[in-house]
Every structure is written in C-alpha cells, then in structure tokens.
Amino acid sequence: MFFWKKAKGERSKAKGLDRLSTSLEINVKWLKSNLFADDDTIVYRHFRTKEPQARQCVLIHADNMTKHEFLSDYIVRPMMSSSLPKELQGRRLIQHITEQVIQSDGVAVFTDYNKLAEGVVAGSGAVLVEGCNHGISVDAQGWERRSVTEPQTESVVRGPRQGFTEDLLVNVSLVRRKILNPALKVKILDVGLQTRTKVAIVYVEGIASKELVDEVFQRIERIETDAILESGYIEEFIRDSPNCPFPTIGHTERPDGVAGKILEGRVAVLVDGTPFALTMPYLLVEAFQANEDYYHHWIAASFHRTLRYISFFLTTSTPGLYLALVTHHPQLIPVNLSVSIAAARKNVPFPAIVEVMVMGLVFEILREGGVRLPKPVGQAISIVGAIVLGDAAVSASLVSAPMIIVVGITGVAGFVVSKLNDTAVLIRILLVVTSAILGIYGFLFGIMGIMIQLASMESFGVPYLSSLTSLTIQGSKDTIVRLPWWRMVLRPRHLAAKNRERLQRKSRSKTK
Amino acid sequence: MINESVPERQGAALVFLFIIGNSFVFGLARWAGRDLWLSFLVAIVLALPLILVYGRLDTLMHGQSFSEGLHRLFGKWPSRLVALIYSFYAWRLGCLVTGNITNFVQAVSLPDTPQVVMASAYAILVLWAVKEGIEVLARFSSVMVIFVLLILLTALALATTEVDLQEFFPILYDGFWPVFQGAFQLLDFPFLETVLLVGLANALTTKKNSAYKVLIPGFLLAAFFLMLVASASVAILGEEMYKITFFPVFLAIARIDIALFLTRLEVVVGVTFAIGGFLKISVCLLVASKNLAHALGFPDYRFLVTPLVLSIIPGSQWFAKSVMEMNLGATKIAAFTDVMVQIVLPMIFWGVAEIRMSRVRKNKAGKPSGI
Amino acid sequence: MKKGLARIFLLCTMTIVTTGCWDYTEIELRDLVMGAGVDAEDPKVIVITEMAKSIGVGQEAEFEPVVLTTDARSLTSGAHNLANPAGMEIFWAHAQVFLVSEEVARSSILQVLEPIVRARDLRSTMYLLVTKDCTVEEVFKSKPPLVDGVSRHLASVIRLSDVTTDFIPQQVWRFIGDLSSPGISGTLPGVELVHEGGALLPVVRGAAVFKLDRLIGWLSKEETQILALLKGESEGGFFVMDTEVKGNTFPITYEFRGSQFQTKPSVDGENLRMKVSLSLQLGVAGVKGADVDFSDLAVVNDIEGQVSRSFTRRIRDFLGLIQEDYNSDIVGFGQLLWRQEPAIWRKVESDWDAVFRDLPVDVDVDCRISFTGFHAQPIKVRN
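So, here's what we can say about the structure.

**Some points on the packing of aromatic side chains**
- The final tally for this structure, using the stated rule, is 34 aromatic pairs over all chains.
- Taking the centre distance of 6.2 Å and the plane angle of 40° together, the rings of phenylalanine 88 of chain B and tryptophan 91 of chain B count as tilted. Taken as a pair, phenylalanine 88 of chain B and tryptophan 91 of chain B lie in helix α4 (residues 76-108) at a separation of three residues, close to a single helical turn.
- Exposure remark for tryptophan 91 of chain B: the relative accessible area of 18% places this residue in the buried category.
- Seen from their ring centres, phenylalanine 140 of chain B and phenylalanine 278 of chain B are 5.1 Å apart, and the 65° between their planes marks the pair as edge-to-face. With phenylalanine 140 of chain B in helix α6 (residues 134-159) and phenylalanine 278 of chain B in helix α11 (residues 267-296), this residue pair connects regions lying 138 residues apart in the sequence. Accessibility assignment for this pair places phenylalanine 140 of chain B and phenylalanine 278 of chain B in one class, buried.
- Among the aromatic side chains, those forming a connected cluster through ring pairs are Phe26, Phe104, Phe189, Phe246, Phe247, Phe250 and Phe273 of chain B.
- Its guanidinium or amino end placed over the ring of tyrosine 173 of chain B, arginine 346 of chain C lies 4.4 Å from that ring's centre, counting from NZ or CZ.

Below, the structure is given as structure tokens:
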C-alpha cells in the first residue's frame, strides 16, 4: 500500500510567519488574511482589561463550536474586571492570566499560529494579549449534540436504552460508565490528513493481549488518508481478508455491546463523528449473537441463536436447494409435492434458473428501494412488491407460486441475521449458480468452498471459525447455544489467552 | 479441570472424516455378511497396535514432517525412495477416492454429467484447500464433522423402525473365515490408510505425545461409527441385499419412510460422501506433494500441488474405470503395495527409530556432556 | 503475476468444465410415473404405466391419470419405448406401486425384479402386487372412487395395512430378500377387480404364494390373516366368528388388539418338530342381536376357549395347505431353524422341501379378551 509511504511530517504549513508576533494587530491581521481567510464564522472579540494597566486583548473562536456563556462568563468577564500587574510581560503575563484570571480547567499556552488555528477549529477559544507572543487556548467546546437515545439499528426488548452518539468523548464516557475500573484504557489518535478525526482505542488492560492492542495501534497509525468520516473507513483500512464479504471487524451502536466485547479481551475503536464503534477481532459466531441473548434466560437465548443459524442457512440456501431439487433431483421431493410443483410450473415461460435469478433480483431491488426511502413512501414499495409482483405475477403465470414462497422465505429469513445480510446475498447467488450446474452436489461444492474460505480466514490473528471448531463444551459455550453465565467459566481462549478465568470459584455452580 | 478447546480434537475430527471418507457407502466387510460386526471388532483389535505404532512414529519424529523424519532415519537416498513410494501411494489413493465419488454420483443421481466434470470440480476445491494447508483442513473438518454426525445419526435414528435384529442370526454359520476376510478388507480399506496421517498429526499441535490423542480417538470413533452404519444397513436390508448392491448404506437410508414426508433421505449419504471424500482427497494430495518434493529434493512442496492435483482428474478415470472395478476393490498388486506401505514399512521405521533413540539415550547417559 | 496466471487458468478451467448443466431438466418437462406394471404376451411383455397429467393452470392445477401401454421384448426396453408416445422424459422415481400379472409371475418374477433393482431411478421401495383374474391394464383402467389414479389408490390402500389383515404389503427389496434368503419363500399381495355399483374397483386382498421365483397358488383373505399372524405382521383388523354363549349362537365381531407369536424348533432324536405358540389379545367390537354379559368371567373364559380352538383349527388347516398343497415355506420355518438352530439346519438344508412337507407342527393358541368396548353389558331393550 502506497499511502503510508509519504512522510508523516508533510502536513501543510502556513507559508511565511508561523510564530506569534508581540503585536496584537499583526497577529489578527495575519490570521484574517492567511489561516482564517475567507472564513466568516471566526469571531474576533476585542476587549480591554481593567485600568490602569489596560491592555488590548482579543478572543478568537469559531461561532457555534463554543459555549457563548462560558466564554463570556469565565474568560471575557474576569479578564475585563482584572487589572494586570504592570511588571509582567510576555510569558510571565500569560502564566499570570492562566493561573489567576481565567476560570477554566482546560487551558494551554501556544506560541504558533498553527496551534491556534487547530484549537479554534476544534472549538476552543484563543486569547491573545497585546505585547505577548504567547496565546492561551481555553477549552470551550460546545456544539449541538444529539442526545443519547436508543439506537435504531439494534433495538432491544430488554436491555439498556443507550446508544452511542456522534460525539467521541460522550461515547467514551458511556463505555466508562459500564466499566468502572482503571484498567479500562482509552488511547486517542488523530487520523485523517484533512479531517484529523479523533479515534479512540479502548481496551481493558490485563484481559486484552498486549500483541493485539499493539497490532491495532500499528494498523491504525499506518492509515494516511484524507478523511475518516465514519468508522467504516477505518474498518476497510485495517481489516483482514479485505476482499472477502464476511466481516472481520464488528460494529455496534451499543455501549453495553462494546463493554461486553472488550471484557472478553477484544479491542474497541471509537471514531469521532459516528455512533458506530468497531470491535476486533471479530469471529463468525458474533454475527449470530445479539446482546439481548445475554439478558434473557439462557434456554430462550439459545433457542433464538439456533433460530438465527437456521435462518442464515435458509436465506442463503433456499433458492439453490430449490433449484437443485426441482431441476436435478425430483426423486428427492415427496411425490405429492413434486406433482404440485410440476403443475404450478406448467405454464411458466421461464426456466427455473431464470425464475430464481429474476425473483431474487426483484426482491433485492425492493429491499434496496425500501431501505433508503422516507417511511411514507416505503409503504408504497411494499404494496407494489406484495400485490403487483406477488399475486399478479402468479395469476399471469409469469412466476410459479412455489417460487414466490421460496423468495419469501429467503427474504424474511435474511432479516433475522441482519449483520450478514449483504454476505448472504452473494452466497445465495453463488449457490444458485453451482446448484444449477451440478444439482445438490454443486450446492455442496459451493458450501465446501465457503467453508474452506472461512476456515482459512483470520481476524487479528484469531482464526475466524474458532469456538465453532473447538469441539469442547467450554469452547462452544457461546456459539449455537449460550450456556448460563455460571457455566461460562473461562474467557474465549483465542482472545484472552493469559487471563482466562472470568468466574470466581464460588459462583461456578448455581448461586442459591 | 475444565476442558479447553484443544487442536487435538480438530485433529481427531480430521482423522475421523479421513477414515469415514469414501468408505462408508460401500458394503464394508461384505464377505462377512451378517457377521460383519465381528469383522469390525477383529479389525479394530488388529488395527489398534498398528495405529499405536503410527502414533509412536509421530512422536519420535516430533516436530518434523514424515519425509524429514525419514531423512534423519535412513539418510538421503533411501529416504527419497521411501518418500517416492508413499507419494505414489497417496496419489493413487487420492485418485481412487475421486473415482469412487464420480462413479457414485453418476450411478446414483447425475447420469448425464460427465465424470470428468465432477473430478474437475473436486480438483479445484482440493487445490484450494491443499494450498491453504493442514490447519485449514483441520478446522474445516471440525465444523463438518458436526454436520456429518448430526445428519447421519438422525438418519440412522429414523431408520431404527426398519431394523430387524433377527438379521444378525445365526452367528458364525459360515465359520470364521469370512469374518477374517472381512476384517482384512477393513484393515486395508479404510483403517490402515491412516498411515498417511503420520507426520501430519503432529503438525496440528505443538505438544508432545499428542499424536496419540489425535489418532486414537479419531480412529476409534470412526471405526465404531462405520460399524454402526454397516450393521444398521445389514439389519435393515438383510444380508443378501447388503451383499448384492453396490451402495448398501444408500439403499438402507432410502428405506426410511415416515408419514410420507420424512422420506427420500438417501441424499444425506451423498452429502457425507462428498464431504468426507473431499477431505480424504485433500489429505492424500497434501501428503503426495510433500513426499514427492522430498523425493525430488525440493525444499518446498507448494509448487508441486497444482500439477499433482490436476493429475487426479485423468488419474481418477484411470484407476476407477467403472463402478464394478472400484467395488471389486484392490487387485493383487495393489494389495501387496498396501501391505508394504501400511504395515511392513512403518514397522521397519519404528524399529530403526527406536534403536537410534535408545543409542542416543545411551550416549547421553555415558557422556553427560551430550552429543 | 504467477498467482494471477493461476487464477486465470482456474477461471478458464471452470468455464470450460462447467458450461453445461448436463442433468438440468425442468420438472414440468418430466413425465411423472405414478405406477407401472407388466402384462405378458408371449414372447413379448406389455409395459403399462400410469402417469400424472396436469390440467388447469396455476392455483387451480389438478392431476389426471393417463395410462400408456407399449409392448417390447423386455421391461427395460419397453420402459424406454414409452418416452415416444409420452412425448416427455419419463421419470420413474415417483412410482409407488408395481403390478405384475399372474401370467408373468407364474413364468418367473425375476424377469421383472431384476431390471427394477438394476435401474437407477426405479426405487426398490415400490410396492409389488400381483393381479388376480385380470390383466394389469384392466386394473390401471379401472376408476377408484375417491382418489385420482389407480396407483395412488393402491398406495393408500396398502398403507391401511396397520388396520387390516386382508393382505400383507410387500416392497421390492423385502421380497428380493425373502427370495434370496434360505428357508423362506415369498408372498405378494393380490389385486382383484370387483364389481361395485356398476363400476370396476381394484381391491387388494389375498396373497400370491411363490416357490422360488414362480407363483404357484393363492391364499384367500382369511388364509392371509393367518399368515400375517404367523409372520408377526398382524397389527389390526377384525373378524367375525359364530360364538356359542349359553346355548345360543351369535356372530360376534372381534378386533385384533395385539398378538405375541413364538415358533420354537425342537429336536427329539432324529425327529424335528415345530412348536407354534400364539397368544392373542382380542377386543369385542360388536355382538349381533344378543345379550352377552361380558362382566361374567365364566362367559368370557368360554368365549376365549372357543376362539382359541377356532384359531388352532384354522392354523392347522393353513399349515396343511402350505405344507402339502403348495409345499412352499412362506412362514419361514426354515429361516427360523437356520437362525436359531444352525446345526440342525445344516443337516436338513439340502432337502428342506421334503422335510418341510412332513414337518410336524404343534399349535398352541392362547386367547385373551382384553377389551369389550365401552359397554360391559349389552343394551337392554325393555317394554
């Protein structure tokens, strides 16, 4: 990959001046004509400190990125009402202001324009004082934030109603609220040459292996791209098997989901500006897990898990199997069923393979159309889909009725495992093609190919199929079934190799 | 202690599928007829010591591949010759299994599809899998073994309504000879084909002595499972039908008819055959290319995989020209090589290796400084 | 670069190898055979198939049976000849019944069985039947009252074997097993055409007795009942017997509720004997016009004795028929001997026919009435 070959220090610098001048006028002029040229949202608030030692000051901040009351109450007012000692100059004066005048917990002193500009665009207020070549940057971030609401994509019947927001620090705080333990570590990196997006790497020290954390760090640090607008950018840059449609990095909108994952030894990556956190390594079983599984009775949860596996099988395999059985092996269909399928297909002008392909395509079109449409229009789509394409097509003998059922099963089952929806579509097409060629054996070859691919995949050094391949009870406690919590004695082997016990000895049997 | 997921189990799953592989659809121990369960018991008792020898060889060659171990034992040229023999044996077995499957599929469900198409489809998958290596094969089999066990045991459970235990009587009416005939056939195919896994089993795990934990459970499970399937087939079909059909298990499962709905389950036999056969071909080709690389003196085997795998397409047609041929089983020459490869040569390796080891140990005891 | 080449090569192989769907046939282009049969017409055979022809469209689709007939030198070639008149690929795997005419069965049933077992798509789970006093073609052309198609009708009748003992169903593979096992001969259920309300109806009853691969005679419905009991295949069914209660004779209907059956060979010096002990659980299903008090144990015991004696007599008659008249071991005494006393079987194996003809059989029937319906006493009619 060529993008990280560029030296890191090549970030563009302002030409000419880069250190602050002692003259306030020059400073402001320089800012207005260079760094903040053509930017009308930058506010320059000029004021003077109290007599007798009145000094000209300016507060620079970006409009709506800051809290106005905060700036006026804790910066402008105390400065205007204090008189600065005469003997103080330059750096000592600035130190005096930060220590005794400005009433804020986040202040930093800077000496060059770039630092100033970076602070201002990130939402802090910069104070410059006449006669000083130092400036003060005060944390005053305050912009419109979406409140913490229930996530749309992962709603639960039982479980916390919190979801991540677009604000990184809020998100980190949501995770920290779940794990009140200093071992929870959060490291923040800036990624993106233009966007300088803040990216937090969150893990629990002592559970997550050192190598894994280092690996995540290295992979993220190697990213040198213009923009990180969503965590999906990072996912694509750092994931394993980038050409395989199976996800090797997970994403979630739920703080409890992230907490659960990092407590098993995973690493989470939170990105500023998106509510979707990444978790890694990501194994195949996780696509079939929902965080609600852990809140319900274990038998019910296991049942739902099983249902998801069955649904995934149905959504990927129904069209292929139908095709294989109907066109290659009618002897495997019970007599009456094959007789009625033959009757239903009698006047249909298309071969079964065309029928399967076209109906599958139509379903995907309907789904894609429905996803991004506004809700009121979306209903029209389902009416068109249900009535026009379903009923009318059968009455007109364009499509056979069994085919509609096949497409229906495929579609509905696909919604159950939503994390693998896009993967399922591709697998489905593959299986339809192989089944058309070699019947049930073609279908099997397709499945075996997928299994070889899955068996060869890894996510951050962990085999993608691990825990499905363990063949022991402790190894598969959280796969197709979920054992009760008092039986999940160990953390997953591949994730937390060194610190495995998560259940203390006395609670290993049912607590009475 | 709490059981952990250990790669030994993956290895055992691989051994299990390797032995089940292509064998279970055929009328195993056909000569023994209704006494075939006795054949199985005899064959298991006879095979166990040999499997233990394989495990011991594995342990002695710890950390090395089969051909490296040979090299250490016999030196350059003899080891190359032996590696060539094993390479050919593995390649021939791979071709046979491919031929079995293509013939089975053509005979049972896809009469118009040319066999070469099936063989090519297999070749492509096997090529992929062999290039990925033994770990991937082990993971593959540990997922598939669950499938295979689940569907076959379900099918057998459903078939219990058709089972008639009277079919096993009278016991030993025709004397012991057919039982031994059946047992020897079982030893040759499929039990002692496990010899190919020597040198592979320990690639799966870094622990010492774990070869036994891979080979023994895998072998025993597979042997008992095959016994169960074959006995159930006899009890369902009766001895005569078991003897006269090519694929008795297929026919036995086809008997199932529950409420007109749970019927026509014979497809599960095809599924198992296809999966197990695939694994067996892959292992054979892996062994063949590794040994061939050693025989020809190449340090890396990977570039040999493609030509060898592609050669099974014509090979399968050559070694299994028709259903009758593959069903009649090994010819005399094949039987001779089988005995050599499965029994005689491993015993020689074992003897030589033990003598060398004890010498090394003696030397160590005599000269504490070591060699 | 190398990898790219390998991939291109693979892609090419795949396209070359897989551009074809050799076994791809649309299901509506296959002619689904529901049942088939063979009539004899020396030196040729006539192959008859009943196929499903769909009429109507979409949701209103229905099926109509169509019977096709052809003559050929063998069953297999006849089956293939049918594709021409049918105009579609013939698909055999759904055939449920296979009918053989008596004539064919008398010459040798192997000529029919052999192609069935050999063929890939003919399932050996088909039910075999022999037509009695009619040809296969006539049976297929009859009109069953409720079900469309004779094959479906016969298949559903055969599934009644749980509640009736008029016949013993036989699948192809099991029949072959009987033919090839030592010490047992096979039977097949018979099909007759019966006039009923002006129409001809196919009825399954009785059994065709085989010796080796040839049909040698028939068993009536009642004899088949006994055979089913002796083979342990009786699971249900009713029979009527004139029973004497307190000096009066009534026809009472009994229901089979279960039977245990044991046959034991015993050797006394050079003489081989068979001991058949049968215990029957019966229910009373109906009493015609009488006041029989089943709460009176003496009455019940008396009835049980009568039924036992009646069954003993029927079994003796039946054994006489198969031992002397047919000399065909359809009960499987020889097989039993083989399984339980292999040493004796070894001695008699070579001339089992003669031994079987003269085999003394002790019959011991024990009968219990275990259920009398919901009434302990008959309905009393008073003035």
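Continuing now.
**Re unusual backbone geometry**
- Of note, the bond from methionine 280 of chain A into proline 281 of chain A is cis; its omega dihedral lies within 30 degrees of zero at -5°.
- Along the polypeptide, proline 281 of chain A turns up in the loop between β10 (277-280) and α9 (298-328).
- In this model, phenylalanine 169 of chain B is joined to proline 170 of chain B through a cis peptide bond whose omega is -10°.
- Counting through the fold element by element, proline 170 of chain B comes out in the loop between α6 and α7 (177-188).
- Residues other than glycine seldom take positive phi values, yet aspartate 38 of chain A does so here, at roughly 60°.

**What to know about the environment of isoleucine 158 of chain C**
Residue and element names in this part refer to chain C.
- Tracing the chain through its elements places isoleucine 158 in helix α7 (residues 150-158).
- Separated by 140 residues in the primary sequence, isoleucine 158 and alanine 298 place their C-alpha atoms 39 Å from one another.
- Contacts of isoleucine 158, omitting those with residues within four sequence positions, involve Val97, Tyr127, Leu129, Phe167 and Pro169.

**Some remarks on the interface of chain B and chain C**
- The interface of chain B with chain C comprises 33 residues on the first partner and 24 residues on the second.
- Each partner contributes to the roughly 2,700 Å² buried at the junction of chain B and chain C, and carbon and sulfur atoms together form 58% of this total.
- The largest per-residue losses of area from chain B upon contact with chain C belong to Tyr173, Arg255 and Arg264 of chain B, which jointly make up 24% of the total buried on that side.
- Summed over the shared surface of chain B and chain C, the number is one salt bridge.
- A salt bridge links glutamate 167 of chain B to arginine 339 of chain C; its shortest N-O distance comes to 3.0 Å.
- Linking chain B with chain C are eight residue pairs in polar contact (both at pLDDT 80 or more).
- If you list the elements that add at least two residues to the side of chain B that touches chain C, you get α4, α5 (115-132), α8 (210-237), α9 (239-244) and α10 (248-254) of chain B.
- Each residue belonging to the side of chain B that touches chain C can be placed in one class, and the counts come to 19 nonpolar, five polar and nine charged.

**Observations regarding α7 of chain B**
- With twelve residues, α7 of chain B extends 17 Å from end C-alpha to end C-alpha; this agrees with the ideal 16 Å at 1.5 Å per step.
- Within α7 of chain B, the full set of buried residues consists of Pro178, Val179, Gly182, Ala183, Gln185, Leu186, Leu187 and Asp188 of chain B.

**Regarding the sheet that holds strand β12 (residues 271-287) of chain C**
Residue and element names in this part refer to chain C.
- Read from one edge to the other, the open sheet built from four strands follows the order β10-β11-β12-β13, with strand pairing classed as mixed. Two strands in the sheet have a free side with no partner beyond their single neighbour: β10 (238-245) and β13 (361-371). In this sheet, adjacent strand axes meet at a mean angle of 40° when their direction is disregarded.
- Bridging between strand β11 (residues 248-268) and β12 involves 16 bridges; their strand directions are antiparallel. Across the sheet, proline 265 pairs through a bridge with methionine 274, a residue of β12.
- Each of β10, β11 and β12 touches helix α9 (residues 221-230); the most contacted strand, β11, lies at about 45° to it.
- Taken strand by strand, helix α10 (residues 297-326) contacts β10, β11, β12 and β13, and its axis lies near 145° from that of β13.

**Looking at a positive patch on the surface**
All names here are of chain B.
- Where like charges cluster on the molecular surface, the positive patch consists of Arg72, Arg356, Arg359 and Lys362.
- In terms of residue count, the dominant contributor to the positive patch is helix α14 (residues 332-366) (three residues).
- Along the chain, arginine 72 falls in helix α3 (residues 66-74).
- A relative accessible area of 47% places arginine 72 in the partly exposed class.

**What to know about a negative patch on the surface**
- Together, Glu41, Asp42, Asp71 and Glu103 of chain C give the surface a local cluster of negative charge.
- Its relative accessible area of 41% is what places glutamate 41 of chain C among the partly exposed residues.

**What about a nonpolar patch on the surface?**
Residue and element names in this part refer to chain A.
- There is a patch of nonpolar side chains on the surface, built from Phe350, Val354, Met357, Val358, Leu398, Ile429 and Val433 and spanning about 520 Å² of accessible area.
- The set of elements that each furnish at least two residues to the nonpolar patch consists of α11 (352-372) and α14 (421-456).
- With three residues, α11 is the largest single contributor of residues to the nonpolar patch.
- Mapped onto the fold, valine 433 is located in helix α14.
- For valine 433, a relative accessible area of 35% corresponds to the partly exposed category.

Reading the values: the criteria
- Residues numbered from 1 in each chain as written.
- Chains lettered and ligands numbered in written order.
- Predicted model: local features only at pLDDT ≥ 70, side-chain atom pairs only at ≥ 80, totals over all residues.
- Heavy atoms only, no water.
- Phe/Tyr/Trp six-rings, centres within 6.5 Å; stacked < 30°, edge-to-face > 60°.
- Helix = DSSP H or I, 4+ residues; strand = E, 2+ residues; numbered from the N terminus.
- Buried < 20%, exposed > 50% of the residue type's maximum accessible area, 1.4 Å probe, protein only.
- Lys NZ or Arg CZ within 6 Å of the ring centre and 35° of its normal.
- Contact = heavy atoms within 4.5 Å.
- Buried area = accessible area lost by both parts, 1.4 Å probe.
- Salt bridge = Lys/Arg side-chain N within 4 Å of Asp/Glu carboxyl O.
- Polar contact = N/O pair within 3.5 Å; in protein donor to acceptor, adjacent residues only side chain to side chain.
- Nonpolar A, V, L, I, M, F, W, Y, C, P; charged D, E, K, R; others polar.
- Expected span 1.5 Å × (residues − 1).
- Pairing = 2+ DSSP bridges.
- Axes fitted to C-alpha atoms, helices over the stretch in contact; angles between N-to-C directions.
- Patch = residues over 30% accessible without salt bridge, like charges linked within 9 Å, V, L, I, M, F, W, Y side chains within 5 Å.
- Areas by Shrake-Rupley, 256 points an atom, 1.4 Å probe, with all protein chains shown as cover.
- Lys, Arg positive; Asp, Glu negative; His and termini not counted.
- Charge placed at Lys NZ, Arg CZ, Asp CG, Glu CD.

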